[in-house]
Amino acid sequence: MKKDFSPLNLVRKLASRRPHVAAMATCALCLALLSCSVSYKFNGASIDYSKTKTIEIADFPIRASYVWGPMASIFNNQLKDLYANHTRLIQVRRNGDMKIEGEITRYEQRNKSVSSEGYSSQTELSMTVNVRFTNNAKHTEDFERQFTASATYDNTQTLNAVQEELVTQMVEEITDQIFNATVANW
C-alpha cells in the first residue's frame, strides 16, 4: 500500500492524535501558502519587480535661503542608500523605470519656546524637500510633493554643536517619508 505524505494528510493524522499540534500545523501550512502570494516585504517595499527593475535618483540641490554645506551630500547619500538597502532596484543615471528628483527648498530655525525670563529657551530647526516622483510603469502613481521634518534643541547649545546630529535625524525622517510615498504605497 502506498503511503500519502501530503501536507493535508499529515495534518489529518496529527488532528486525530493531538488537536493542539494539528492547529499549529494548520496555521503554519496556511502561512506558507499565503506567503507565496503576498508582495509586501518586511522592509515595507511593494514593488512589482517584473515591471520595475531600475530607479533613477537625481542629486537634490539646496535651494533654501539658509545653507549648511554638508546637508545636500548627507541627504543624497541617505536617499540612495535607503533604496539600495531596502529594494532590489538597480540605480541608473538616466531612463529609470522610476525617477526621483527634486530640491531642498527650506532649511530654517525659529524660536520654539520662551523661558519664564522672556528669553527663547528652545529653537526648532526644520527642513523641507520638494520631490518629483515618476513611475514609468504606472503613471497614476506620479506626484510632486513636499516632505518636512523638524528637530528641537535647547538654546544652551549652539547650532554648530548640534547641527550635524539634527540634520541627520531630519534627513532620515524625510527619506523614510519619501520611501514610503514612492515604493511602500502607504
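Residues numbered from 1 in each chain as written. Predicted model: local features only at pLDDT ≥ 70, side-chain atom pairs only at ≥ 80, totals over all residues. Heavy atoms only, no water.

**Concerning the side chain of Asn76**
Move 1: Looking at the secondary structure, you find Asn76 in helix α3 (residues 71-86).
Move 2: Not counting residues up to four positions away in its chain, the partners in contact with Asn76 are Ala58, Asp59 and Phe60. (Helix = DSSP H or I, 4+ residues; strand = E, 2+ residues; numbered from the N terminus. Contact = heavy atoms within 4.5 Å.)

**So, the sheet that holds strand β5 (residues 143-154)**
Move 1: Read from one edge to the other, the open sheet built from 5 strands follows the order β2-β1-β3-β4-β5, with strand pairing classed as mixed. Every other strand in the sheet has two partners, leaving β2 (90-92) and β5 as the edge strands with one partner each. In this sheet, adjacent strand axes meet at a mean angle of 30 degrees when their direction is disregarded.
Move 2: Sheet topology places strand β1 (residues 54-57) next to β2; 3 bridges connect them, and they run parallel. Paired with Thr54 across the bridge in β2 is Ile90.
Move 3: Strands in contact with α3 are β1, β2, β3 (98-114) and β4 (120-135); relative to β3, the strand with the most contacts, it is inclined by about 125 degrees.
Move 4: Lying on the sheet, helix α4 (residues 159-184) is in contact with β3, β4 and β5; it crosses β5 at an angle near 150 degrees. (Pairing = 2+ DSSP bridges. Axes fitted to C-alpha atoms, helices over the stretch in contact; angles between N-to-C directions.)

In short, shape yes, function no, at least from these values alone.
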